[in-house]
There are 2 protein chains.
Amino acid sequence: MADVKENNSKPNAKSGGKKKEVKKETGLGLSNKKDENFGEWYTEAVVNGEMIEYYDISGCYILRPWTMTIWEIMHDFFDAEIKKMKIKNCYFPVFVSPEVLQKEKDHIEGFAPEVAWVTKSGNTDLEVPIAIRPTSETVMYPYYHKWIRGHRDLPLKLNQWCNVVRWEFSNPTPFIRSREFLWQEGHTAFATKDEADEEVLQILELYRRIYEEFLAIPVVKGKKSEREKFAGGLYTTSVEAFIPNTGRGVQGATSHCLGQNFAKMFDIKFENEKGVSGMVWQNSWAYSTRTIGVMVMVHGDNKGLVLPPQVASIQVIVVPVPYKDADTQAIFDACSETVRMLTEAGLRAEEDLRDNYSPGWKYSHWEMKGVPLRIEIGPKDMANKQVRLVRRDNSSKIDIPTSDLVEQVKGVLDKIQQNLFDVATQKRDASIRVANTWEEFTLALNEKKLILAPWCDEMEVEEGVKQRTKGEMGAAKSLCTPFDQPELPSGTLCFASGKLAKKWTYWGRSY
Amino acid sequence: MADVKENNSKPNAKSGGKKKEVKKETGLGLSNKKDENFGEWYTEAVVNGEMIEYYDISGCYILRPWTMTIWEIMHDFFDAEIKKMKIKNCYFPVFVSPEVLQKEKDHIEGFAPEVAWVTKSGNTDLEVPIAIRPTSETVMYPYYHKWIRGHRDLPLKLNQWCNVVRWEFSNPTPFIRSREFLWQEGHTAFATKDEADEEVLQILELYRRIYEEFLAIPVVKGKKSEREKFAGGLYTTSVEAFIPNTGRGVQGATSHCLGQNFAKMFDIKFENEKGVSGMVWQNSWAYSTRTIGVMVMVHGDNKGLVLPPQVASIQVIVVPVPYKDADTQAIFDACSETVRMLTEAGLRAEEDLRDNYSPGWKYSHWEMKGVPLRIEIGPKDMANKQVRLVRRDNSSKIDIPTSDLVEQVKGVLDKIQQNLFDVATQKRDASIRVANTWEEFTLALNEKKLILAPWCDEMEVEEGVKQRTKGEMGAAKSLCTPFDQPELPSGTLCFASGKLAKKWTYWGRSY
C-alpha cells in the first residue's frame, strides 16, 4: 500500500524481482483513456491512484488515506467557517423510527425506495423495523419542536458530520453515486424568512469556495426547478459542475430553504417578542464525498489523478536521480534537506528514496497519484546548486537555484492551482451552447453540451422534456437557473413549449 | 436550547413570564442527589446539562453541542498524536457481508448477539442480509491481505473515526452503554511481534493522557485476563477507571495485540528481506464517547456537570451583576471587555448578558452545565477595578485586579484542572481494598470497593468468582492486572482458589 509504504521506506540495497512484482500490482500508467472510455478510465484512476478500493458489497467503497486527507482539508475549512457563523456541531442517531421517517409525505416519497431497513439484531426480530438515515430532517426536527419555545431560542443552528445510506440500484460509481457516503448536513431554524434566505446564500458561497478555491473546479450558482428541488422543501439552491468528457452536469452541493413546511409537520413554533406564536423558517444544506469524485473527473488525465495543491496530501514529491559513478548518499542527503526546508515552510513534501524502483518508475507512480509537483535531484543539479521542478498539470520543467527553493516552489504551486482552475473553466465554457429551439436543444444534447435555454418554467414542460429525451444515455433535465442571468429579450419563447420564456436555465444530462 | 441561545443573546428590555417558563424547562438544579440515587442523578445531569437528549429509539441518544466540543477537543489531540506515529486515516464501509463477519469464530461469538442486520431496502428484500459493523476487524482485514505483499508494505497503520452499532439489551446508559456510539478504531500490521507490542503500549499511553490530562480522571494501566480479553485477540491492555459512588470499575479504552490469529484467518502474509514468507502481527485499539460518560460520573455533583477546563467548550462565563441605581451599560461593557481579553489570550470565554434572568439564576444555570470558572462583575468590582472569580469545583471566591486578569484566570484554570484530578485520585484510592481471602473479598465487594487481590490467574477460577458473586448488583470479575505490581511475597495464595498466587489483580463489579 504505497501511501503507507513511502513513509517508511529506507534506502536499502535489496532490489530484484520485487520491482516487477509491485509494478504489476500498482499497474503503472492507466490502460484506459479519458477520451475513449471514460467510465473505465475513472475507475482505473481512483483505484490505481489509491483513493478507492472496491468492496465486497456493491455500491460501497473503501476510502483510502489518499482520499481522506482531501476530505479532512475540506472539513477543516468548512467547519471553521460555519463555527464563525455560530453554527454548532451535534450528532443525531443513525437510526430512524418508521413513523418519524414517514411524517413528511413529499419528503419520504423522495427517499422511500432507497431506505435501508434494520429488522433483526442477532437472531431476534425487532418489534418494528428501523430505518438508517438517508438524511436527517425527520430525525432532528421532532427535537427542534422540543427545544424551540421562544424567540430567544432562535436561531437554532446545528450541523453534523456523519455517514448516510441511500440504497440506490442504478449504476454505482465511486464518490459520485455510492450506497453509503460521508457528508455534513446543516439544519437551521429562524424566526424570519429573511434570515433563512440570507443563510442559504452564505452557505452556498462556502460551497462555491470549496469547489473553486480548493478543488479548482468552476461551478454555477443557481436555483433548482420545482421538479428538481429537495423533496418537501420550499426552494433549493446548488452549485453545479460539468464534466465535458461525458457531457453530464453534476450537482456539486445543495443549500435548501425548507420554508415552513417541516415546521408545520413537526409543529416547530415559537413565541415572538410580542407574545404572538409563529412557525419557524428552516434551512438544510449539505456537501458530501461526491466533491472528490468531481475533482477526479474534471482534472484527471491519461496518466492518472491530478490533485490541486490546496487539497493534495503530498504537494511535492522529491525524487533522487542517482548515476552509477555519482555520490548517491550526497544526492539522498540533498533530497532530505529539500524536504526539510519545504516542510519547515509549511508545505506538504515527501521524499521517495526507495532504491528498488528506478527514477522513471517513481515519476510514473507519483504522476498516477496526482502529486502536483515533482522535484528531481541528480549529480548535475548538485553541481549547479539547483533542483529540477516538474509540474503535474502541464509537464513543464524548470531548473531553480537551491538558494531560492521555498519561494519558487510556493509560486509554482500557486500557478498550478490557478492553471487547473483556468483550464477547467475554459473546457466548461467551451461546452456551453445556447439553444432557442427544440432542434437546437436536441442537437446540442447529442453533442454532449451544457445547454443554456430560455424556459417558461412550467413543471409539465420539464416533464415533457424528460419524456422526449429518454434513451440509453438517460433523459435530459434542468440543472439550474443561474443567479447570473443573461438578458432575456422580451418576447423570447421557451425552447420546449413555445410559450413566453421567463428565464434562462441550464439543461443537460446529469449524474 | 441554551448553548445556542447564549451566543445570540442581546441585552433586551423584555422579561416577564419567560423566565419562569424556561426555568421550568431547564429545571434549575437537580432533583436527584449523586449519593442517594446515582442512576437518576446521572441521567438528570447529562440531560439538564444539555449534553444528551433522549431519543425515541431506546439505547440511542442525541449528542448535543455541549458534548461534541469535548469529543472534538479529544479528537484533535489524539488525531495529531497518531499522525506523528505515521498512522493514517481511512474510512471503511459501515456494512459487512455475513461470510466476512463470521470468518473469525471466537471473534464473532463475542459480537453475534449484538449485531444489527439490514434485510430490506425500500420494500425489497436483500438477497443476503447485511450486518452493520460492531467493530471493523473483519471489515478491514480482507484488504490487508490484498495490500500487504512484501516487507516494504509494512508496517500498515490505519485508523478511522466512525460510528459503530452494538444492539445491546441490558440497561442502556447515555455514553456508557448505547446501541450506537462514536469512536476511533486503529488497525495496524507489523512484520515483528516486538513492533506490535511496542505500539500497543504507545497507544495505551495516549489513552492514559486523554483520561488524566484532559478529563482529569485517574486510570490504571494493565492487562485484561484471558476471560476478559478481546474476542479473537492475543492479549488486551486497557486503562481502567473507577466510579466510587457505584463501586463499579469502567473499562476506559483498550489497546489489543491480535497476535497472528486474524492474520491466519484472513491469510495476511508478507515476504521478508530474505524472500521468506511470514504472517503479520496485528494490533487494534479504540476509545469511544464512553470517555465522556466517565467524566460526568467522576466529576459531577449535586449542582450538575463539572467540566475540566481542558475540555470545556466554555471555560469562563462572565456574568454582570447590576444594581438598580448602577450604570448597567458600563457593567455590560466591562463584561464584554473581559471576554475580549480572555478570548484574545486563547481562552474559551463567553458573557451572559441576558436581562430576562437574574444573576442568581445564571449562576445556577452555568453551574449545572459545569463551566469551570465564573466571573462576576458588579458596581463594587467596577469601583475597585477588580472582578470576582468563582470556581465550579470548590465554590471558592477570589477577587482579582482587572490589570492582572488573564494571568490570574489562566492560573486558576490550571489549579481547577489539577484539583479535579487530585480529588478524583483521592476518592479512587480511598476505594481500594486489598483482599487476601474470599471473606475479605466478599466483604470489600459489598462495600463497593475496588479490590486488589493475589490471583492464580486461572480462567476457571475467574469463572467461579463470577458464579459465586452473581446477584442483582451483577457479578464481580477481574478488571485488570496492573502493570505496576506491588511485591508479591513468595507463598502468597490466591484469594479465590487457595492455589499459589501469580500476580496482583484488580477485581470488582463493572459497567
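Predicted model, so just to flag it, every value in this text is computed and none were measured.

Comments concerning the overall build of chain A
Check the secondary structure of chain A and you find 16 helices and 23 strands. A globule of 511 residues ought to have a C-alpha radius of gyration of about 24 Å, and chain A, at 26 Å, matches this closely. For chain A, the C-alpha atoms occupy an extent of roughly 85 × 55 × 50 Å along the three principal directions. Taking all contacts inside chain A whose residues are at least 6 apart in sequence as the whole, residues at least 24 apart take part in 69%. Entry remark: accessible area of chain A is about 19,500 Å², with carbon and sulfur atoms responsible for 51%.

Thoughts on the packing of helix H4 (residues 65–84) of chain B against helix H8 (residues 193–214) of chain B
All names here are of chain B. Two elements in contact, H4 and H8, have axes separated by 11 Å at closest approach and are oriented at 150°. By the angle between their directions, the pair H4 and H8 is classed as roughly antiparallel. The element H4 and its partner H8 pack so that their crossing is right-handed. Of the residues in H8, those touching H4 at Ile73, Met74, Phe77, Phe78, Glu81 and Ile82 are Ile203, Leu206, Tyr207, Arg209, Ile210 and Phe214.

Focus on unusual backbone geometry
Residue and element names in this part refer to chain A. Between Leu154 and the following residue, Pro155, the backbone shows a cis peptide bond with an omega angle of -5°. Among the structural elements, Pro155 can be located in the loop between helix H7 (137–147) and strand S7 (156–165). The backbone of Phe175 shows a phi angle near 70°, a positive value even though the residue is not glycine. You can call Phe175 buried: its relative accessible area is 4%. Look at Ser395: it is not a glycine, yet its phi comes out positive at around 60°. Relative to the helices and strands, Ser395 resides in the loop between strand S18 (386–391) and strand S19 (397–401). Classification of Ser395 by relative accessible area gives partly exposed; the value is 36%.

Considering the relation of the copies chain B and chain A
For the pair chain B and chain A, the superposition axis carries a translation of 0.0 Å, the fit reaches an RMSD of 0.0 Å, and the rotation angle comes to 180°. The transformation just described matches what one would write down for a two-fold rotation axis. Closest approach to the rotation axis among the C-alpha atoms of chain B is made by Val118 of chain B, whose C-alpha sits 2.1 Å away. A share of 99% of interface residues in chain B that are also interface residues in chain A marks the association as one of identical surfaces.

Details of the pairing of strand S14 (residues 281–288) of chain B
Residue and element names in this part refer to chain B. Extensive coverage of S14 is indicated by the burial of eight of its eight residues. Side chains of S14 alternate between two faces, with Trp281, Asn283, Trp285 and Tyr287 and Gln282, Ser284, Ala286 and Ser288 buried alike. Bridge count for strand S8 (residues 180–190) against S14 is eight bridges, and the pairing is antiparallel. If you follow Ala189 over to S14, its bridge partner there is Gln282. Of the pairings in the sheet, the one linking strand S11 (residues 248–259) to S14 comprises five bridges and is antiparallel in character. Across the sheet, residue Gly259 finds its bridge partner in S14, namely Gln282.

Focus: empty space enclosed by the protein
Considering all chains together, one arrives at seven cavities of 30 Å³ or more under this definition. Every residue lining the largest cavity is listed: Ile52, Cys60, Tyr61, Leu63, Phe175, Ser178, Glu180, Phe181, Leu182 and Thr289 of chain A together with Tyr91 and Pro93 of chain B. Top contributing element to the lining of the largest cavity by residue count: strand S8 (residues 180–190) of chain A, with three residues. When grouped by side-chain class, the residues that make up the lining of the largest cavity number nine nonpolar, two polar and one charged. In this model, the second largest cavity occupies a volume close to 90 Å³. Taken together, Tyr91 and Pro93 of chain A together with Ile52, Cys60, Tyr61, Leu63, Phe175, Ser178, Glu180, Phe181, Leu182 and Thr289 of chain B make up the lining of the second largest cavity. Elements with a contribution of two residues or more to the lining of the second largest cavity: strand S2 (61–63) and S8 of chain B.

Quick word on the interface of chain B and chain A
How big an interface is tends to be stated in terms of the accessible area lost upon association of its parts. If you look at the interface, chain B gives 73 residues, while chain A gives 72 residues. For the chain B and chain A pair, buried surface summed over both sides reaches about 6,700 Å², with 58% attributable to carbon and sulfur atoms. Among the residues of chain B in contact with chain A, Tyr91, Phe95 and Arg152 of chain B are the three that bury the most area, contributing 12% of the side total. One can count four salt bridges joining chain B with chain A. Between Glu53 of chain A and Lys146 of chain B there is a salt bridge, with its nearest N and O atoms 2.6 Å apart. Across the chain B-chain A interface, the total number found is 30 residue pairs in polar contact (both at pLDDT 80 or more). It is strand S5 (residues 116–121) of chain B that contributes the most residues to the side of chain B that touches chain A, six residues altogether. Class assignment of the residues belonging to the side of chain B that touches chain A gives a composition of 38 nonpolar, 12 polar and 23 charged. Relative to S5 of chain B, strand S5 (residues 116–121) of chain A runs antiparallel, the two being bridged by five bridges. By the bridge assignment for S5 of chain B, Lys120 of chain A is matched with Trp117 of chain B.

Regarding the sheet that holds S5 of chain B
The strand order S4(A)-S6(A)-S5(A)-S5(B)-S6(B)-S4(B) describes an open sheet built from six strands, whose pairing is antiparallel. Each end of this open sheet is capped by a strand with a single partner; those strands are strand S4 (95–96) of chain A together with strand S4 (95–96) of chain B. Here four bridges tie S5 of chain A to strand S6 (residues 124–132) of chain A, and the two strands are oriented antiparallel to one another. Counted as the bridge partner of Ser121 of chain A is Thr124 of chain A from S6 of chain A.

Considering helix H12 (residues 359–368) of chain B
With seven of its 10 residues buried, H12 of chain B lies for the most part within the structure. The set of residues buried in H12 of chain B consists of Trp361, Lys362, Tyr363, His365, Trp366, Glu367 and Met368 of chain B.

Comments concerning the nonpolar core
Of all hydrophobic cores here, the largest spans 220 residues; its most connected members are Phe95 of chain A together with Phe95 of chain B. Non-local contacts of Phe95 of chain A, meaning those with residues more than four positions away in its chain, are made with Val118, Ile130, Ala131 and Ile132 of chain A together with Tyr55, Ile57, Cys60, Ile132, Val165 and Trp167 of chain B. Listed in part, the 28 residues of the second largest apolar core include Val306, Phe332, Ala334 and Phe421 of chain B.

A few points about the environment of Thr192 of chain A
All names here are of chain A. Here Thr192 is to be found in the loop between S8 and helix H8 (193–214). C-alpha separation for the pair Thr192 and Val280, spaced 88 residues apart in sequence, amounts to 7.0 Å. For Thr192, the side chain forms a polar contact with the side chain of Glu195, separated by 2.7 Å.

Some details on the domain arrangement of chain A
Taken as a whole, chain A is organised into domain 1 (65–298), domain 2 (316–428) and domain 3 (432–510). With centres defined by C-alpha atoms, the gap from domain 2 of chain A to domain 3 of chain A works out at 47 Å.

What to know about the pattern of salt bridges
Scanning the entire structure with this criterion turns up 67 salt bridges over all chains. The residue Glu367 of chain A makes a salt bridge to Arg374 of chain A at a minimum N-O spacing of 3.0 Å. With a closest N to O distance of 3.0 Å, Asp197 of chain B and Lys193 of chain B form a salt bridge. Of this pair, Asp197 of chain B and Lys193 of chain B both sit in helix H8, four residues apart, which is roughly one turn of that helix. According to the relative accessible area criterion, Lys193 of chain B is partly exposed, its value standing at 30%.

Reading the values: rules and limits
Residues numbered from 1 in each chain as written. Chains lettered and ligands numbered in written order. Predicted model: local features only at pLDDT ≥ 70, side-chain atom pairs only at ≥ 80, totals over all residues. Heavy atoms only, no water. Helix = DSSP H or I, 4+ residues; strand = E, 2+ residues; numbered from the N terminus. Rg over C-alpha atoms; globule rule 2.2 N^0.38 Å. Contact = heavy atoms within 4.5 Å. Areas by Shrake-Rupley, 256 points an atom, 1.4 Å probe, with all protein chains shown as cover. Axes fitted to C-alpha atoms, helices over the stretch in contact; angles between N-to-C directions. Parallel < 35°, antiparallel > 145°, perpendicular 65-115°, else oblique. Left-handed = near helix turned anticlockwise from the far one by under 90°. Buried < 20%, exposed > 50% of the residue type's maximum accessible area, 1.4 Å probe, protein only. Least-squares fit on C-alpha atoms with pLDDT ≥ 70 in both. Pairing = 2+ DSSP bridges. 1 Å grid on protein atoms, 1.4 Å probe; cavity = no way out; pocket = protein on both sides within 12 Å on 5 of 7 lines; lining within 4 Å. Points joined across faces, edges and corners; volume = space filled by probe spheres on them. Nonpolar A, V, L, I, M, F, W, Y, C, P; charged D, E, K, R; others polar. Buried area = accessible area lost by both parts, 1.4 Å probe. Salt bridge = Lys/Arg side-chain N within 4 Å of Asp/Glu carboxyl O. Polar contact = N/O pair within 3.5 Å; in protein donor to acceptor, adjacent residues only side chain to side chain. Core = buried A, V, L, I, M, F, W, Y, C linked by side-chain atoms within 4.5 Å. Domains from an automatic or database assignment.

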